[in-house]
Amino acid sequence: MTVTDALLAFTLAATLLTLTPGLDTALILRTATAEGGKKAFHAALGIDAGCFIWGAMVAFGLGALLAVSEFAYTLLKWCGAAYLCWLGIQLLLRPRQQFTLNQAATHASGNWFVRGMLGNVLNPKMGVFYVSFLPQFIPNGHSPLLWTFLLVGIHVLIGTLWSLTLIVATRYAAGVLKKPAVVKWMDRTTGCVFLLFAAKLAISKR
């Protein structure tokens, strides 16, 4: 596989992966709708940071532990499922009633970066995916370390562009999406989605 072929093939595969609806998409849409574009972008940056953390572990060989250690995989899997359950229950039991820009909401903006990052870092599927997926697109004779970070960078760029597209799209429906009943419905719907992802992660196998 040539360098050009590897880059084109990975870009296509990463684009399809990014466009497939999942936890990240649900988090960005919910945050953009109820909290605003700025906080949704914080969540997107957190997701990107999680990708780079996994990329670093894969690049330095630590991510391979998940591929061979049942204990490590199971431990991280249950931590991730518990975290998603916590997020889902919070949204179900305490949904927002309205969109406000008060001091408390502004202070909470930093949390969305952490939530986005933890959503990726505590998902062992992401680690196993990177371990098994990235090496297929590293051309023979090239540095695995440099190419791993290059491929992760491409994936992050595509993910960021998709997140920005989702954030901008919500602005056109801001009048409807920020109504109290709609915001409350979005929170609870997202909470259910998070619980479903938690259940899926809990019963998943390598």
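Residues numbered from 1 in each chain as written. Predicted model: local features only at pLDDT ≥ 70, side-chain atom pairs only at ≥ 80, totals over all residues. Heavy atoms only, no water.

Caption draft 1: Structural view of the overall build of the protein. Of the regular secondary structure elements, the protein holds ten helices and zero strands. A fraction of 87% describes how many contacts in the protein between residues 6 or more apart in sequence connect residues 24 or more apart. As displayed, the protein has an accessible area near 10700 Å², and 72% of this comes from carbon and sulfur atoms. (Helix = DSSP H or I, 4+ residues; strand = E, 2+ residues; numbered from the N terminus. Contact = heavy atoms within 4.5 Å. Areas by Shrake-Rupley, 256 points an atom, 1.4 Å probe, with all protein chains shown as cover.)

Caption draft 2: View of the UniProt feature "transmembrane region" (unreviewed entry) in the protein. According to UniProt, the positions carrying the feature "transmembrane region" (unreviewed entry) are residues 46-68, 75-93 and 145-173. Here residues 75-93 runs as 100% helix and 0% strand, with 27 Å between its end C-alpha atoms. The span residues 145-173 is 93% helix and 0% strand, and its two end C-alpha atoms sit 43 Å from each other. (UniProt positions renumbered as here; feature names shortened; annotations may be inferred.)

Caption draft 3: Local environment of a nonpolar patch on the surface. A cluster of nonpolar side chains, contributed by Phe-41, Leu-45, Phe-113, Val-114, Leu-157, Leu-161 and Leu-164, occupies part of the molecular surface with about 550 Å² of accessible area. Only helix 3 (37-59), helix 6 (103-121) and helix 8 (144-171) provide two or more residues apiece to the nonpolar patch. If one sorts the elements of the nonpolar patch by residue count, helix 8 sits on top with three residues. Given the relative accessible area of 30%, Phe-41 is considered partly exposed. (Patch = residues over 30% accessible without salt bridge, like charges linked within 9 Å, V, L, I, M, F, W, Y side chains within 5 Å. Salt bridge = Lys/Arg side-chain N within 4 Å of Asp/Glu carboxyl O. Buried < 20%, exposed > 50% of the residue type's maximum accessible area, 1.4 Å probe, protein only.)

Caption draft 4: Here's a closer look at the environment of Ala-40. Here Ala-40 lies in helix 3. Linking Ala-40 and Leu-29, residues eleven residues apart in sequence, is a C-alpha distance of 7.7 Å. With residues near it in sequence (within four places) discarded, Ala-40 still touches Ile-28, Thr-31, Ala-32 and Ile-167.

Caption draft 5: Representation of the pattern of salt bridges in the model. Under the defined criterion, the tally for this structure stands at two salt bridges. Among the ionic pairs, Lys-39 bridges to Glu-35, the shortest N-O distance being 3.5 Å. In this structure, Lys-39 and Glu-35 share a single accessibility class: buried. Linked by salt bridges that have partners in common, Arg-30, Glu-35 and Lys-39 make up one network.

Caption draft 6: Expanded view of the packing of aromatic side chains. For the structure on display, the rule yields two aromatic pairs. Ring centres of Phe-10 and Phe-137 lie 5.5 Å apart, and the angle between their planes is 70°; this geometry places the pair in the edge-to-face category. Of this pair, Phe-10 sits in helix 1 (residues 3-19) while Phe-137 sits in the loop between helix 7 (124-133) and helix 8, placing them 127 residues apart in sequence. Classification of Phe-10 by relative accessible area gives buried; the value is 1%. (Phe/Tyr/Trp six-rings, centres within 6.5 Å; stacked < 30°, edge-to-face > 60°.)

Caption draft 7: Representation of the nonpolar core. Phe-10, Ile-28, Tyr-130, Leu-134, Leu-151 and Phe-194 are the most contacted members of the largest nonpolar core, which has 42 residues in total. When residues of this core are traced back to their parent elements, those giving at least two are helix 1, helix 2 (23-34), helix 3, helix 5 (70-93), helix 7, helix 8 and helix 10 (180-203). It is helix 8 that contributes the most residues to this core, eight residues altogether. In contact with Leu-134, other than residues within four places in its own chain, are Phe-10, Phe-129, Thr-148, Leu-151 and Val-152. (Core = buried A, V, L, I, M, F, W, Y, C linked by side-chain atoms within 4.5 Å.)

Caption draft 8: Inspection of the environment of Phe-129 at higher detail. Looking at where Phe-129 falls in the secondary structure, it is placed in helix 7. Sequence separation between Phe-129 and Trp-54 is 75 residues, and the spatial gap between their C-alpha atoms is 9.8 Å. If we skip the residues at most four places from it in the chain, Phe-129 touches Leu-17 and Leu-134.

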